[in-house]
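For reference, the chains in residue letters:
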Amino acid sequence: MALEQAPWSARGEFTGLLNALLVELRGRVLTASEQNGTELPRLIQAVRLVADKRAEAQGNANPQLALAVLAADLERLANPQLALAVLAADLERLL
């Protein structure tokens, strides 16, 4: 997915992509807050992650790298058990 993003135009197309993602996530936050969902804290954190990447994209950020990092961060947020397993495996390799 990250390689599909052009390495230029971080302020244009990439910012538009992040804006669309923010709209989707904010809609999910509203739905979760109305339903007292357990997903609300993770959705709020996802909004923060995307908003931070959007702010970085206003500078001279590489959109491919930013998208790859954002995708990894969102994946860890969506599946914390998998993130812990990967972290444990990485630590085991280091020791």
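Keep in mind that what you see is a predicted model, and the values were worked out from it rather than measured.

A.B. asks: What's the story with the pattern of salt bridges in this structure? I'm lost.
C.D. replies: Side chains that carry opposite charge are capable of pairing whenever their charged atoms lie near each other. One pass over the full model with this rule turns up four salt bridges. The salt bridge partner of lysine 53 is glutamate 56, with a shortest N-O separation of 3.1 Å. Pair noted here: lysine 53 and glutamate 56 are both in helix H2 (residues 40–57), with a separation of three residues, about one helical turn. Accessibility expressed as a relative area gives 42% for glutamate 56, which makes it partly exposed. Between arginine 76 and aspartate 73 there is a salt bridge, with its nearest N and O atoms 2.4 Å apart. Taken together, the residues arginine 76 and aspartate 73, both in helix H3 (residues 63–78) and three residues apart, mark about one turn of the helix.

A.B. asks: How do you make sense of H2 when you look at a structure like this?
C.D. replies: Along an α-helix, residues three or four positions apart point the same way, because every turn accommodates 3.6 residues. Its 18 residues give H2 an end-to-end C-alpha distance of 26 Å, which sits within 8% of 26 Å, the value for a rise of 1.5 Å per residue. Considered for burial, the residues of H2 that qualify are Leu43, Ala46, Val47, Leu49, Val50, Lys53 and Ala57. Along the axis of H2, the buried residues cluster in a sector spanning 165°; they form a single face. Away from its buried face, by an angle of more than 90 degrees, H2 presents the exposed residues Pro41 and Ala55. Summarising the contacts, the buried residues of H2 are in contact with helix H1 (13–34) and H3.

Calculation criteria
- Residues numbered from 1 in each chain as written.
- Predicted model: local features only at pLDDT ≥ 70, side-chain atom pairs only at ≥ 80, totals over all residues.
- Heavy atoms only, no water.
- Salt bridge = Lys/Arg side-chain N within 4 Å of Asp/Glu carboxyl O.
- Helix = DSSP H or I, 4+ residues; strand = E, 2+ residues; numbered from the N terminus.
- Buried < 20%, exposed > 50% of the residue type's maximum accessible area, 1.4 Å probe, protein only.
- Expected span 1.5 Å × (residues − 1).
- Arc of directions from axis to C-beta.
- Contact = heavy atoms within 4.5 Å.

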